[in-house]
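Survey of secondary and tertiary structure
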Amino acid sequence: MDNSDSSQNTLVSVSNLTFSRGNKKIFDDISLNFERGKITAIMGPSGTGKTTLLKLIGGQLCPDKGSVKVDGKNVHVLRRAELYDLRKRMGMLFQSGALLTDMSVYDNVAFPLREHTKLPESMIRSIVLMKLQAVGLRGARHLMPNELSGGMARRIALARAIALDPMMILYDEPFTGQDPISMGVLVHLIKSLNNTLGLTSIIVSHDVHETSAIADYIYVIADGKVVDQGSPEHIRKSSSEWVQQFMNGTADGPVHFHYPAREYVDDLLSAGKRYH
Amino acid sequence: MVIELLQRLGSNTRDGFTKLGRGTRFLAQTIAGSVSVLPRPRLLLNQMYSVGVLSFLIISISGLFVGMVLGLQGYYILSDFGAEETLGVMVAASLVRELGPVVSALLFAGRAGSALTAEIGLMKATEQLSGMEMMAVDPIKRIISPRFLAGLLSMPLLAALFSTVGILGGQMVGSGLLGVDEGSYWAQMQAKLDFQDDIINGVIKSIVFGFVTTWIALFEGYDSIPTSEGVSRATTRTVVNSAFSILGLDFILTALMFGDD
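Conventions we followed
- For every chain, the first residue of its written sequence is number 1, and the numbers climb from 1 along that sequence.
- The order in which chains are written sets their letters, starting at A; the order in which ligands are written sets their numbers, starting at 1.
- Local features are withheld for residues below a pLDDT of 70 in this predicted model, meaning they are given only at 70 or higher, and side-chain atom pairs are given and counted only at 80 or more; totals for whole chains, interfaces and linings count all residues.
- Remark: hydrogens and water are excluded; side-chain values derive from all non-hydrogen atoms of the structure.
- Numbering of helices and strands runs from the N terminus, with a helix taken as a DSSP run of H or I at least four residues long and a strand as a DSSP run of E at least two residues long.
- A simple rule labels every residue: compare its accessible area, found with a 1.4 Å probe on the protein chains alone, to the largest value its type can have, and call it buried under 20%, exposed over 50%, or partly exposed in between.
- In this analysis, two residues are considered to be in contact whenever any of their non-hydrogen atoms come within 4.5 Å of each other.
- Asp and Glu are treated as the negative residues and Lys and Arg as the positive ones, with His and the ends of the chain left uncounted.
- Just so you know, the charge point we use is NZ for Lys, CZ for Arg, CG for Asp and CD for Glu.
- Both definitions apply: the radius of gyration is a C-alpha atom measure, and the globule rule equals 2.2 Å times residues to the power 0.38.
- What counts as a ring pair is set by centres within 6.5 Å for rings of Phe, Tyr and Trp (its six-membered ring), and what kind of pair is set by the plane angle: stacked under 30 degrees, edge-to-face over 60, tilted for all other angles.
- When two parts are put together, the accessible area they lose, computed with a 1.4 Å probe and summed over both, is reported as buried area.
- Salt bridges, as used here, are contacts in which a Lys or Arg side-chain nitrogen is within 4 Å of a carboxyl oxygen on Asp or Glu.
- Polar contact is defined as a pair of N or O atoms within 3.5 Å, subject to the rule that within protein one atom must be able to donate a hydrogen and the other to accept it, and that residues adjacent in sequence are counted only when both atoms are side-chain atoms.
- When residues are sorted by character, Ala, Val, Leu, Ile, Met, Phe, Trp, Tyr, Cys and Pro go into the nonpolar class, Asp, Glu, Lys and Arg into the charged class, and all the rest, Gly among them, into the polar class.
- At least two DSSP bridges between two strands are required for those strands to pair.
- Under this scheme, a helix contributes an axis fitted over its contacting stretch, all axes are lines through C-alpha atoms, and angles between N-to-C directions fall in the 0 to 180 degree range.
- By nonpolar core is meant a set of buried Ala, Val, Leu, Ile, Met, Phe, Trp, Tyr and Cys residues that side-chain atoms within 4.5 Å join together.
- Here a crossing is called left-handed whenever its near helix is offset anticlockwise from the far helix by less than a right angle, and right-handed whenever the offset is clockwise.

Notes on the overall build of chain B
The secondary structure content of chain B amounts to 9 helices and 0 strands. The linear arrangement of helices and strands in chain B, starting from the amino end, is α-α-α-α-α-α-α-α-α. Going through the 261 residues of chain B one by one, you find that 46% of them count as buried. Taking as baseline every contact in chain B between residues at least 6 positions apart, the subset at least 24 positions apart corresponds to 84%. Distance between charge centroids for chain B: 15 Å, based on 17 positive and 21 negative side chains.

Here it is in structure tokens:
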């Protein structure tokens, strides 16, 4: 996958990445490319290490083998200061929002600006209000994070993630646990921010419907490998039984309903010997 | 059976040493990060408020009662020898040398240390620390170092407050209730207590205790398993380990400071 022709258009390239936690191999020689200006989705069942992949891209974890290049820079050989400079140009939206709970919404969005710039307060105010306007929560700026609903918290976190005008945003399960309205709002926001701000978006999600509605390109991963990749149409028509089961959400298929266990009858009959 | 026991002993020892290593590295980063707090005194002041000022009440009330009890007990013993005039020396020396630094450090570990561990642990559990890292803000510099400095600076002040209130409490009981001459309470104290030997040594103790307690509290929070159970265990460990360290170090420091004369 690593052809140098497309490297100009590629913002993030993950090549031959292997990562394990303990004895469990989470990624096994995986390669992915993320194009500039596009929304690329990584889909797969829970527990396949999708969040881990984002942490690898953001340089919070180190791979066992392989490399991650962001904007031509190998994330894991950068020095600390260089990595931090790179991170200023990346936004990340955590599942929980990860808002700082001891600050108001306004101060949360102002936080990266105050930490990284020497802008006067009046200018910070304008930027914060613009970012909050973009996510539709300018009126909520005096609230504290514990007064926000889950969907609002995620939108505030999104406003904070775009505060420094990054080149890309990593979304960690942006739709999980949202009611239909917040879900619709988030889908719309991710799409429109990507287009109006010229961002590159990487979405990690298992919400098939919402994600395939806005993604330009989809990687489906399972068991540490890329199972299928392509446009949403391609994935929907995938010949892989596994992908079909995942996309349609059927209970049994290549992925079994039952967690691996010994024969049911044997298990029941052996109850006299041991109680678990 | 024996092999299993040995295995467990070995793995526990190794875990202990790795944790000590992580803790030391954490401490080095925290101290290095403290430099970046200096241009932003606001961060430090906020933390001094929550670590120090909010511990005022528990420290002064405890100090008052400890001083009053010292006044009572001291009077009963000293009056047997007809030496109740030296009550002031006894109260002040016990407080400034031992009880002030030790008891206030134990209270500090319970009041402020546990709060620090829980706060940092929950920030970790709710991905706030990770989030900061992804915003290119070093959580050690922004969160840990200001709290560390605040603990380090607050502890000697709180110990001084404890001793002061305690001495006043001893005087209240001694001369107010039991009729020790007020003049000799203060005069004897002034004559017998040495600035270098008693006061400075007490302050050194409280700085050491503040250093160790804050370090333990912050590290346990930072190193905690980010779940409710993990944070609760880390908080317990903070209080227990701080208490052990304070009492053990107090013995060592006392032997070093007061052993020669």
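So, the overall build of chain A
Scanning chain A from terminus to terminus reveals 10 helices and 10 strands. Against the compact-globule benchmark of 19 Å for 276 residues, chain A has a radius of gyration of 21 Å, which places it among compact chains. For chain A, the C-alpha atoms occupy an extent of roughly 75 × 45 × 35 Å along the three principal directions. Buried residues in chain A amount to 49% of all 276 residues.

Examining the environment of Leu116(B)
All names here are of chain B. Residue position: Leu-116 is located in helix α4 (residues 87-125). Relative accessible area serves as the criterion here: at 4%, Leu-116 is assigned to the buried category. As a C-alpha pair, Leu-116 and Asp-223 span 107 residues in sequence and 13 Å in three-dimensional space. Filtering out sequence-adjacent residues up to four positions away, Leu-116 remains in contact with Val-51, Arg-147, Thr-214, Ala-217 and Leu-218.

Here's the deal with the packing of aromatic side chains
Counted by the stated rule, this structure contains 8 aromatic pairs over all chains. Feature note: the residues Phe34(A), Tyr217(A) and Tyr219(A) constitute an aromatic cluster, connected by ring pairs.

Some remarks on the interface of chain A and chain B
Listed per partner, the contact involves 23 residues of chain A and 15 residues of chain B. Both sides of the chain A and chain B interface together cover about 1700 Å² of buried area, and 55% of this is carbon and sulfur. Inspection of the chain A/chain B interface yields 3 salt bridges. Between Arg80(A) and Asp138(B) there is a salt bridge whose closest N-O contact spans 3.0 Å. Where chain A packs against chain B, one counts 11 residue pairs in polar contact (both at pLDDT 80 or more). Within the residue set of the side of chain A that touches chain B, elements represented by two or more residues are α2 (80-88), β6 (90-93) and α3 (105-116) of chain A. For the side of chain A that touches chain B, the residue count by class is 11 nonpolar, 6 polar and 6 charged.

As for the side chain of Ser55(B)
Examined against the element boundaries, Ser55(B) turns out to sit in the loop between α2 (41-51) and α3 (56-80). Beyond its immediate chain neighbours, meaning those up to four positions away, Ser55(B) contacts Arg111(B), Ala112(B) and Leu158(B).

Notes on the sheet that holds strand β7 (residues 168-172) of chain A
Residues and elements named next belong to chain A. With mixed pairing, the 6 strands of this open sheet are ordered in space as β6-β7-β8-β3-β9-β10. Bordering the open sheet on either side are β6 and β10 (225-230), each of which pairs with just one other strand. Looking at each pair of strands side by side, their axes are set apart by 15° on average, direction ignored. Each of β6 and β7 is contacted by helix α5 (residues 150-161), which is oriented at about 170° to β6, the strand it contacts most.

Some words on the environment of Leu78(A)
With respect to the helices and strands, the residue Leu78(A) is situated in the loop between β5 (73-74) and α2. Setting aside residues no more than four positions away along its own chain, Leu78(A) makes contact with Lys73(A), Leu83(A) and Leu86(A).

Looking at the nonpolar core
Judged by nonpolar contacts, the single largest core of 49 residues is most densely connected at Phe111(A), Ile143(B), Ile144(B), Ile167(B) and Leu218(B). Looking at this core, the elements with two or more residues in it are α1 (2-34), α3, α4, α5 (128-134), α6 (139-177), α7 (182-192), α8 (195-222) and α9 (228-258) of chain B. It is α4(B) that provides the largest number of residues to this core, a total of 14 residues. Each residue touching Ile144(B), except ones within four places of it in the same chain, is listed here: Phe26(B), Thr30(B), Ile120(B), Pro139(B), Leu218(B) and Tyr222(B). One finds Tyr106(A), Ile127(A), Leu148(A) and Ala159(A) within the second-largest nonpolar core, a separate group that totals 36 residues.

Quick look at unusual backbone geometry
Generally, phi is negative for residues other than glycine and the peptide bonds are trans, each holding for most cases. Residue and element names in this part refer to chain A. Phi at Asp-29 is positive, roughly 55°, even though this residue is not glycine. With respect to the helices and strands, the residue Asp-29 is situated in strand β2 (residues 24-35). Its identity is not glycine, yet Asp-223 carries a phi of approximately 50°, on the positive side. Residue position: Asp-223 is located in the loop between β9 (217-222) and β10.

Looking at the sheet that holds strand β4 (residues 65-70) of chain A
All names here are of chain A. Ordered by their spatial adjacency, 4 strands build an open sheet running β2-β1-β4-β5, and the pairing between neighbours is antiparallel. Taken across any chain shown, the strands that pair with only one partner, and hence form the sheet edges, are β2 and β5. Note that strand β1 (residues 10-21) and β4 share 5 bridges and pair antiparallel. Residue pairing for β4: Val-12 is matched across the bridge by Val-70. The sheet contacts of helix α1 (residues 50-57) involve β1, β2 and β4, and relative to β1 the element is tilted by about 120°.

So, the environment of Lys192(B)
Residues and elements named next belong to chain B. The residue Lys-192 is located in helix α7 in this model. You can call Lys-192 exposed: its relative accessible area is 55%. If sequence neighbours within four positions are ignored, Lys-192 has contacts with Val-89 and Asp-198.

Focus: the packing of α6(B) against α7(B)
Residue and element names in this part refer to chain B. Here α6 crosses α7 at 145°, and the two axes come no closer than 10 Å. Between α6 and α7 lies a crossing of right-handed hand. For the pair α6 and α7, contact is made by Ile-167, Leu-168, Gly-170, Gln-171 and Ser-175 and by Glu-182, Tyr-185, Trp-186 and Met-189, respectively. In terms of residue class, the contact of α6 with α7 is built from 5 nonpolar, 3 polar and 1 charged.

A closer look at helix α9 (residues 241-248) of chain A
All names here are of chain A. Buried within α9 are the following residues: Trp-242, Val-243, Gln-245, Phe-246 and Met-247. Where α9 is buried, its residues contact β3 (39-43), α7 (208-214), β9, β10 and α8 (232-236). Looking one or two residues beyond α9, the residue adopting positive phi is Gly-249, at roughly 65°.

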